[in-house]
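# Observations on the three-dimensional arrangement
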Amino acid sequence: MMLCSYDITAVEQWPDDAIRWPTSVEDAHALNKALISGVVAIAGQESDTASRTAFMLAAPVLDVTVLTLCMTWLTWRRAEALGIKFRFQRPGLVRTLCEGGIMDGAFFSREIENRMQRNAMPQKHSWLRSAAHGLMTNRRPVLPWEQRTGVFNHNTMLQGMARADRQRHFTYLMTDQVFRHHRAGDLPEAPASVQKRLTEMVEALTARVLPVLEALGGGDLAPLRQVMLQSCSAFLAEVARYDAALSRAWRDVPAELWTGTGGNLMTRLLRLAVQREGGTVTGFDHGGGCHIHANLMPFQVNELAFCDRFIVDAPAKAEILSRGISREGSLDGAMPRIDATSGPRASWPFRKGQGAQPPKRVMYVTTAFVGEMQYPLQPLLPDPVYADWQGRLVDGLAGQGLEVLVKQHPEGLRRGVPLKRSQAGEFLGGRFGDVMDQADAFVLDYPATSTLWEAICSEKPVVFIDHHLAHWNPEVWQDFSARCAIVPSRMDEDGRPQVDFAEVAAALQTAPDDGGAFARKYLLAEQG
């Protein structure tokens, strides 16, 4: 029996524990493929409008829930088979199973319900923030008789395009104001027929996903199936209640809505409410890397649902996405028009200036620790594996004579607090854009982080360590390889990534310089 830390708090508590993980990125990819295609197919086949609507609204949360449940179950079963005994410092699904308990199927639905309730609670000075954003965007007060374009869940690109638009008049919609009627508890119950049909849709989804899990070694899946039915059916019914309440109570629906991320449940509810009244919805890219994937179906499910138009950084990215999406991959059957921003800048500026060459101070930029949560848009390494990898990478680069800065992710379970598994490295907080000038070069290992694209929008060398987390679009990969030095990792028998640190150090010195070609093509709008 091998004793291994399971969560990041356990890794910190018992630093000498072995790191071994029984599942792989390939397992997540196999389950995710069945899951996303199943969600799209089931939504497309459903004839009951109310049930189909709730299913489509909740699709991103449904994807996360099902994939998380499947991967935690598989981790537990594989660990038992391999003789791995986990040590825990945090509550979680695998801990419950290892301690002989029964997974709580209501956990996910309670979490989602609580999150929605928190979002609807009064926020301090939200009306003042709304007025301030509107004044900065419009440069003058909007008169009562002027037609307004609603803005919800905004990001940098959206604000830049709005501030350059002199035809529209923008009003910033605040969650606690739009959903204030939900706080009164006046949420209509979903009809029994709808609740029954939603449960049947979840059953259809389990019939598509669980055979894949069984083939991966999931064993007896009857208990897991019941947990999925309980958790998913409950929060689908809750989403149906929120949608019905919004439809009934929100009277000041704008004729046009601009939004940030489409994976946010509140954003999806507002998008649908506007479309239901005959209005139009424009979504905005927010992470920079949506175009890298060969299969865009997860992107369509998360970002393009309930959307008439979608705005990205640059024309080449719009073209890649327009070619890659399909009606068969669409959750609601829509094919939004995808355009480049008409604003003066996209998500990031281009930073001129190189550091010392060859690089002496290298910044390793991490992504977040997320616990057991699984993200269908992009898998992550398990937290203990990633913590172990971070420490070995930092020490390995320092061993090559480099000064290593470690930019911790500001969010996730650690909230920017370093998890120091290395003997070297200077840990930095704050925003990446505020500290990136301290480095001569960058090392990154997660393709879905916005900091990767921000680093590319500079003249400094970038090394990307490829853990094979994404299946890349070949054209984008070719362009990416002309900008970044790629160092592929390999997984050892314990599920830990391994690289030759001398190879990484050499890549920092020989990283290609494309003269800003990748940034100008995909990330910089018309900045040049």
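Below or above, wherever it landed, is the structure these notes cover. (Residues numbered from 1 in each chain as written. Predicted model: local features only at pLDDT ≥ 70, side-chain atom pairs only at ≥ 80, totals over all residues. Heavy atoms only, no water.)

### Concerning the sheet that holds strand β9 (residues 361–365)
One open sheet accounts for six strands, arranged β11-β10-β9-β12-β13-β14; its pairing is parallel. Looking along the sheet, the strands with just one partner apiece sit at the ends: β11 (426–428) and β14 (485–488). The mean inter-strand angle of the sheet, taken between neighbouring strand axes irrespective of direction, is 25 degrees. Note: strand β12 (residues 441–444) against strand β13 (residues 462–466), three bridges, orientation parallel. Bridge assignment links Val-443 to a residue of β13, and that residue is Val-463. (Pairing = 2+ DSSP bridges. Helix = DSSP H or I, 4+ residues; strand = E, 2+ residues; numbered from the N terminus. Axes fitted to C-alpha atoms, helices over the stretch in contact; angles between N-to-C directions.)

### Section: the pairing of β9
Counting buried positions over the five residues of β9 gives four, a clear majority of the element. Of the strand pairs in this sheet, β9 and strand β10 (residues 403–407) are connected by five bridges, and their pairing is parallel. Within the sheet, the bridge partner assigned to Arg-361 lies in β10 and is Glu-403. In this fold, the crossover linking β9 to β10 by way of helix α15 (residues 383–398) has right-handed handedness. (Buried < 20%, exposed > 50% of the residue type's maximum accessible area, 1.4 Å probe, protein only. Right-handed = clockwise from strand over helix to strand, strands pointing away.)

### Some words on the nonpolar core
Formed by 73 residues in total, the largest nonpolar core has its most connected members in Phe-179, Leu-213, Leu-224, Leu-270 and Leu-331. Here the element with the most residues in this core is helix α11 (residues 222–249); it accounts for 12 residues. Apart from residues no more than four positions distant in its own chain, Leu-331 is found in contact with Val-39, Val-40, Ala-43, Arg-52, Met-56, Ala-59, Arg-268, Val-301 and Ala-305. One finds Phe-88, Val-94, Ala-368 and Val-370 within the second-largest nonpolar core, a separate group that totals 45 residues. (Core = buried A, V, L, I, M, F, W, Y, C linked by side-chain atoms within 4.5 Å. Contact = heavy atoms within 4.5 Å.)

### Here's the deal with the packing of aromatic side chains
Here the structure, examined in full by the defined rule, presents 21 aromatic pairs. With a centroid separation of 5.6 Å and 45 degrees between ring planes, the pair formed by Trp-21 and Phe-86 is classed as tilted. Note that Trp-21 is positioned in the loop between α1 (8–13) and α2 (25–45) and Phe-86 in strand β2 (residues 84–87), a separation of 65 residues in sequence. In terms of burial, Trp-21 and Phe-86 fall into one category: buried. The interplanar angle of 65 degrees and the centroid separation of 4.9 Å between the aromatic rings of Trp-472 and Trp-477 together place this pair among those described as edge-to-face. Among the aromatic residues, ring-to-ring pairing joins Trp-453, Phe-464, Trp-472, Trp-477, Phe-480, Phe-518 and Tyr-522 into one connected group. Across from the ring centre of Trp-76, 5.5 Å away, lies the NZ or CZ of Arg-77, which sits over that ring. (Phe/Tyr/Trp six-rings, centres within 6.5 Å; stacked < 30°, edge-to-face > 60°. Lys NZ or Arg CZ within 6 Å of the ring centre and 35° of its normal.)

So yeah, pure geometry; function would need other evidence.
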